[in-house]
Amino acid sequence: MQIDVLTIFPEMFPPVLGTSILKRAILKKVVRVRVHDLRDWSGDKHKKVDDRPYGGGPGMVMRPQPFFEAVDDLKRQETRDKGQGTIPYVILLSPQGERLNQKTVERLSKKPWLILLCGHYEGVDERVRVGLADEELSIGDYVLTCGELPAMVLIDCVSRLLPGSLGDQASVKEESFSLQLLEYPQFTRPEEFRGMRVPEVLLSGDHVRIGQWRKLQALRRTMTRRPDLIDGPSNSSN
Ligand code: 4HQ
């Protein structure tokens, strides 16, 4: 998979892309990530990418032109390099987007080419949504300072699903189950730590009882903390 990022803070990306599983996935060419400075397309001698909102009001709005021209250039470059162009799937990260979940991550992991648009200030000109983005995604109901962290979240969760990135696709299956039911409590040594003991059943060696205990704990935990996972979309999330 190819991922291009359009951002005014390209320097935020290398530390994340250069660490752990993402680093390995990139080295193994499971995913190729290119981060571009949106200011390169500002078309302005001061490299300005924002402007004051029509109709007034506080803050600044990101101009549409740098986003549109950057995407045009990336497409042109792709057509030049590969003869026949792959079509990019363009995603705008914003709190107004549909909430990202594992189902969406799975769908996106099947795309050959993603372009991620990171917003700033009060937001981006509406024409970016209407005329450029194929989809708008939010990583959750809280307000961040920028769209860069959401873009990195998306790169992370999509990349780990790509064949060859985890080394063990069994853990992909397992973790996707863990989204239907929360994990049971885990313990490692020592048997007692600061007065807190490991549940006796886990030391019993009785794997039938251990299995039953874990199932019960997982169910209890899900019911108290995330009833929405059991009730389905009617309740709140997923
Ligand atoms: N922002 N999920 C404001 C987010 C966000 C989110 C990104 C803050 C865009 C302009 N994006 N900027 N939550 O809070 O995706």
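Conventions we followed
Residues numbered from 1 in each chain as written. Predicted model: local features only at pLDDT ≥ 70, side-chain atom pairs only at ≥ 80, totals over all residues. Heavy atoms only, no water. Near = heavy atom within 4 Å. Polar contact = N/O pair within 3.5 Å; in protein donor to acceptor, adjacent residues only side chain to side chain. Areas by Shrake-Rupley, 256 points an atom, 1.4 Å probe, with all protein chains shown as cover. Helix = DSSP H or I, 4+ residues; strand = E, 2+ residues; numbered from the N terminus. Nonpolar A, V, L, I, M, F, W, Y, C, P; charged D, E, K, R; others polar. Patch = residues over 30% accessible without salt bridge, like charges linked within 9 Å, V, L, I, M, F, W, Y side chains within 5 Å. Salt bridge = Lys/Arg side-chain N within 4 Å of Asp/Glu carboxyl O. Pairing = 2+ DSSP bridges. Axes fitted to C-alpha atoms, helices over the stretch in contact; angles between N-to-C directions. Contact = heavy atoms within 4.5 Å. Buried < 20%, exposed > 50% of the residue type's maximum accessible area, 1.4 Å probe, protein only. Core = buried A, V, L, I, M, F, W, Y, C linked by side-chain atoms within 4.5 Å. Expected span 1.5 Å × (residues − 1).

Around the ligand there are 16 residues in total, and Ser138, Ile139, Gly140, Tyr142 and Leu144 lie nearest to it. In the environment of the ligand, an oxygen atom lies 3.5 Å from a nitrogen or oxygen atom belonging to the backbone of Ser94. The separation between a nitrogen atom of the ligand and a polar main-chain atom of Ile139 is 2.9 Å. Computed on the free molecule, the ligand has an accessible area of 360 Å², of which 94% lies beneath the protein chains in the complex. Of all the elements in the fold, those that place two or more residues in the shell around the ligand are β5 (89-99) and β7 (135-138). With 3 residues, the single largest contributor to the shell around the ligand is β5. Looking at the shell around the ligand residue by residue, the class counts come to 10 nonpolar, 6 polar and no charged.

So, about a nonpolar patch on the surface. Together, Tyr142, Leu144 and Leu149 give the surface a local cluster of nonpolar side chains, amounting to about 260 Å² of exposed area. Mapped onto the secondary structure, Leu144 falls in the loop between β7 and α6 (148-159).

Turning our attention to the sheet that holds strand β6 (residues 113-118). One open sheet holds the 5 strands; their spatial order is β2-β1-β6-β5-β7, and the pairing between them is parallel. Where the open sheet ends on each side, the last strands, each with one partner, are β2 (32-37) and β7. In this sheet, adjacent strand axes meet at a mean angle of 30° when their direction is disregarded. Direction of pairing for β5 relative to β7: parallel, over a ladder of 5 bridges. Each bridged residue has a counterpart across the sheet, and for Leu93 the counterpart in β7 is Leu137. In this fold α6 packs onto β1 (2-7), β2, β5, β6 and β7, with an angle of close to 160° to the strand it touches most, β6.

Let us now look at the pattern of salt bridges. With the rule as written, the count across this model stands at 13 salt bridges. One salt bridge connects Arg226 with Asp228, and the closest N-O pair in it is separated by 2.8 Å. For Asp228, a relative accessible area of 5% translates into the label buried. Among the ionic contacts, a cluster of salt bridges with common partners joins Glu126, Arg129 and Glu136.

The biggest cluster of nonpolar side chains holds 30 residues, and the ones touching the most others in it are Ile3, Val5, Phe13, Ile91, Leu116, Leu154 and Ile155. Breaking this core down by element, the ones donating at least two residues are β1, α1 (13-17), α2 (20-27), β5, α4 (102-108), β6 and α6. If near-sequence neighbours (up to four positions away) are discounted, Val5 is found in contact with Phe13, Val33, Arg34, Val35, His36, Leu116, Cys118 and Ile155. Of all hydrophobic cores here, the second largest spans 19 residues; its members include Leu6, Trp113, Leu117 and Val128.

For helix α8 (residues 207-225), built from 19 residues, the straight-helix expectation of 27 Å at 1.5 Å per residue is met to within 8% by its first-to-last C-alpha distance of 26 Å. In this fold, the buried residues of α8 make contact with α9 (227-231). Here α8 starts with a cap whose side-chain oxygen sits 3.2 Å from the backbone nitrogen of Val208, and that cap is Asp206.

Cis geometry is found at the peptide bond from Arg189 to Pro190, where omega equals 5°. You can see Pro190 is positioned in the loop between α7 (169-177) and β8 (192-193). Notably, Ser20 is not glycine yet its phi reads approximately 55°, a positive angle. Residue classification places Ser20 among the exposed positions, given a relative accessible area of 53%. Positive phi is not limited to glycine here, since Lys29 has a value of about 60°. Relative to the helices and strands, Lys29 is located in the loop between α2 and β2.

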